[in-house]
Amino acid sequence: MPADVTLRHGVAYLQDIGKEQPKVLLFFNRTFIVFIVCFVMIQCRPVGQDRNTLMYLSRFGYLHPRLRATQGNVPEDVLKGAVSEFQQFAGINVTGVLDSETVHMMSLPRCGVRDTSKFDEGRKKRYVLEGSRFFVNTLSYRIFRYPRNMEHRVVQEQLARALRMWSDASNYTFIPKYTGKVHIGVRFERGSHDDSEPFDGPGGALAHAFFPKYEGDAHFDDEETWTFASKRGVNLFQVALHEFGHTLGLQHSNVKTAVMAPFYRGYDPDYKLDQDDIDGIRAIQSAPRLSDLKMSNKTSQKQR
């Protein structure tokens, strides 16, 4: 082919590319925009009516228990409000949607006791008192069932250490017993164990405890790998320190550094009570008895 013909063909080809280039750029621009929109929708998707989301929000006090059975029929504003409340309590960005940060927080190992409920009469910031307490300062405890993967001696030491930390911050004294009735019973259980709060295996809910008016027992999931002084598994001392806070009458705190925050943060060799926890336990012991309040009300009425 002659050189001039080849040159003319080459020029014509370049001119054609030049004419098509805006279209090509437009195509790639549109494709990029669609990609970004899809990515954002995945990362910040609207609250779904999936069973796991409803169960989580209901279990931990953000939705009324009856709503979790109405999968697909929970009003969108109610569900968005529940997610927003969880985000606010967890200390993350409040968006009302299941973004990646929210999904991550919901996947963390945690205490099985509910955080709060929008159906309660308000919520104080920081520590929250459940409303009941032991009216004696010397409390007995007993381990009724031990975990399968830890020596009995080590379990006794770690639980005693956790109770001692609460004792140091309050006027409580804890005495171990090996027979008979006690104030605080401790059990390591699996799955359903006759308290309407079944465990869910490794991860998820690590333990739960009952407030003083419900006898103050603490239950730990025996399917967890309980450890001490190790990054492996779940640290028994840290979880026990949290659960005994419930046993003494504290609810969950929205202070991230507090022991009574609901999420397990991993092994911390310097784990100890936060000032928020200390303020909470001291407020419990300084609270008057309900009978004292009633007597005070009667007295004040007589004086009018």
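Use the structure listed above.
Quick caveat, the model's predicted, so the values are computed rather than measured.

(A) Highlighting the nonpolar core. The biggest cluster of nonpolar side chains holds 41 residues, and the ones touching the most others in it are Trp166, Phe174, Phe220, Trp226 and Phe244. Contributing elements (two or more residues each) for this core: strand E4 (138-145), helix H5 (152-168), strand E6 (184-189), strand E7 (205-209), strand E8 (218-221), helix H6 (236-247) and helix H7 (275-286). Excluding its chain neighbours within four sequence positions, the residues that come into contact with Phe244 are Leu159, Ala162, Leu163, Trp166, Ile184, Val186 and Ala218.

(B) Layout of unusual backbone geometry. Backbone geometry at Asp194 places phi at a positive 65 degrees, although glycine is not the residue there. Among the secondary structure elements, Asp194 is positioned in the loop between E6 and E7. Its identity is not glycine, yet Glu215 carries a phi of approximately 85 degrees, on the positive side. Position of Glu215 among the secondary structure elements: in the loop between E7 and E8.

(C) Molecular detail of the pairing of strand E5 (residues 173-176). Pairing of E4 with E5, which is carried by four bridges, proceeds in the parallel orientation. Counterpart to Leu139 in the pairing with E5 is Phe174. For the crossover from E4 across H5 to E5, the handedness is right-handed.

(D) Geometry of empty space enclosed by the protein. The full count for this structure, using the stated rule, is one cavity of 30 Å³ or more. Empty space within the largest cavity amounts to approximately 150 Å³. Lining the largest cavity we find 14 residues, and of these Val239, His242, Pro262, Phe263 and Tyr264 sit closest to its centre. Where the lining of the largest cavity is concerned, the elements lending two or more residues are strand E3 (110-111) and H6. Ranked by the residues each element gives to the lining of the largest cavity, the list is headed by H6, at four residues.

(E) Local environment of the environment of Met105. Here Met105 shows up in helix H4 (residues 100-107). Classification of Met105 as buried rests on a relative accessible area of 13%. Linking Met105 and Ile92, residues 13 residues apart in sequence, is a C-alpha distance of 8.8 Å. Other than its neighbours up to four places away in sequence, Met105 contacts Tyr56, Phe86, Ala90, Ile92 and Phe263.

(F) View of the sheet that holds E3. Strand order across the open sheet formed by six strands is E3-E7-E8-E6-E4-E5, with mixed pairing between neighbours. Two strands close off the open sheet at either side, each with one partner strand: E3 and E5. In this structure, E3 lies alongside E7, joined through two bridges in parallel fashion. By the bridge assignment, Cys111 is partnered in E7 with Ala207. With respect to the sheet, H5 is in contact with E4, E5 and E6, its orientation differing from that of E4 by roughly 155 degrees. Against the sheet, H6 makes contact with E3, E6, E7 and E8, and its axis sits at roughly 35 degrees relative to E7, the strand it touches most.

(G) Highlighting the side chain of Asp277. Positionally, Asp277 belongs in helix H7. One buried charged side chain, Asp277, makes no salt bridge at all; its nearest oppositely charged neighbour is Arg265, positioned 7.1 Å away. Excluding residues within four positions of it along the chain, Asp277 makes contact with Trp166, Leu250, Ala258, Val259 and Met260.

(H) Up close: the packing of aromatic side chains. Taken as a whole and assessed by the stated rule, the structure comprises nine aromatic pairs. Look at Tyr56 and Phe86: their rings are 5.5 Å apart centre to centre, the planes differ by 90 degrees, and that puts the pair in the edge-to-face class. Highlighted residues: Tyr56 in helix H2 (residues 51-59) and Phe86 in helix H3 (residues 76-90), separated in sequence by 30 residues. Summarising the burial analysis for this pair, Tyr56 and Phe86 share the class buried. With 6.1 Å between their ring centres and 40 degrees between their planes, Tyr172 and Phe174 make a pair best called tilted. For Arg110, the ring lying beneath its charged end belongs to Phe60, and the centroid distance is 3.5 Å. Over the ring of Phe237 we find Arg161; its NZ or CZ atom is 3.7 Å from the centre of that ring.

Calculation rules
- Residues numbered from 1 in each chain as written.
- Predicted model: local features only at pLDDT ≥ 70, side-chain atom pairs only at ≥ 80, totals over all residues.
- Heavy atoms only, no water.
- Core = buried A, V, L, I, M, F, W, Y, C linked by side-chain atoms within 4.5 Å.
- Buried < 20%, exposed > 50% of the residue type's maximum accessible area, 1.4 Å probe, protein only.
- Helix = DSSP H or I, 4+ residues; strand = E, 2+ residues; numbered from the N terminus.
- Contact = heavy atoms within 4.5 Å.
- Pairing = 2+ DSSP bridges.
- Right-handed = clockwise from strand over helix to strand, strands pointing away.
- 1 Å grid on protein atoms, 1.4 Å probe; cavity = no way out; pocket = protein on both sides within 12 Å on 5 of 7 lines; lining within 4 Å.
- Points joined across faces, edges and corners; volume = space filled by probe spheres on them.
- Axes fitted to C-alpha atoms, helices over the stretch in contact; angles between N-to-C directions.
- Lys, Arg positive; Asp, Glu negative; His and termini not counted.
- Salt bridge = Lys/Arg side-chain N within 4 Å of Asp/Glu carboxyl O.
- Phe/Tyr/Trp six-rings, centres within 6.5 Å; stacked < 30°, edge-to-face > 60°.
- Lys NZ or Arg CZ within 6 Å of the ring centre and 35° of its normal.

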